[in-house]
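# Remarks on the overall topology
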Amino acid sequence: MTKWTNAADKHRVTRKSVEFVLANNDGEPTVLNDGTPALLYIAPDQTGEVIEVLTIAIPTGERLVVHAMPFRYRTPRSKR
């Protein structure tokens with residue numbers, strides 16, 4: 001099961017899009033600034049838009065989506 005932080009909805013990526021990316025891709029292991037292990041997903045959703053999703057595992061065995069945004073936000077405007 002997936003849980004969500006309020007911040008995960010900040011960039012208006014739909015939960016349907018995030019669930020699609022999580023279900024169809026393997027996350028890349030990474031570490032947050034505070035040392036928490038996380039998984040980073042950068043992949044297209046069901047519409048083809050590339051999104052970035054960051055999840056962490058929580059003690060209940062579920063994953064927590066802490067960040068989701070269109071990947072284009074990371075691309076300089078001159079290269080869009």
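Just above sits the structure.
Anyway, here's the lowdown on the structure attached to this text. Everything numeric here is computed off the predicted structure, so don't read it as measured data.

Here we come to the sheet that holds strand S5 (residues 63-70). In space, the five strands of this open sheet follow the order S1-S5-S4-S3-S2, with mixed pairing throughout. Two strands lie at the open edges of the sheet, namely strand S1 (2-4) and strand S2 (28-31), each paired on one side alone. Each strand axis lies, on average, 35° off the axis of its neighbour in the sheet, ignoring direction. Relative to S5, S1 is paired through three bridges, and the arrangement is parallel. Considered in S5, the bridge of Lys3 is made with Leu64. Packed on one face of the sheet, helix H1 (residues 15-24) meets S1, strand S3 (37-44), strand S4 (50-57) and S5 and runs near 75° to S4.

Here we take up unusual backbone geometry. Phi at Arg12 takes a positive value of approximately 60°, unusual for a residue other than glycine. Checked against the element boundaries, Arg12 lands in the loop between S1 and H1. On the basis of relative accessible area, Arg12 is assigned to the exposed category, the value being 77%.

Criteria and cut-off values
Residues numbered from 1 in each chain as written. Predicted model: local features only at pLDDT ≥ 70, side-chain atom pairs only at ≥ 80, totals over all residues. Heavy atoms only, no water. Pairing = 2+ DSSP bridges. Helix = DSSP H or I, 4+ residues; strand = E, 2+ residues; numbered from the N terminus. Axes fitted to C-alpha atoms, helices over the stretch in contact; angles between N-to-C directions. Contact = heavy atoms within 4.5 Å. Buried < 20%, exposed > 50% of the residue type's maximum accessible area, 1.4 Å probe, protein only.

Any functional reading would require information that these geometric values do not contain.
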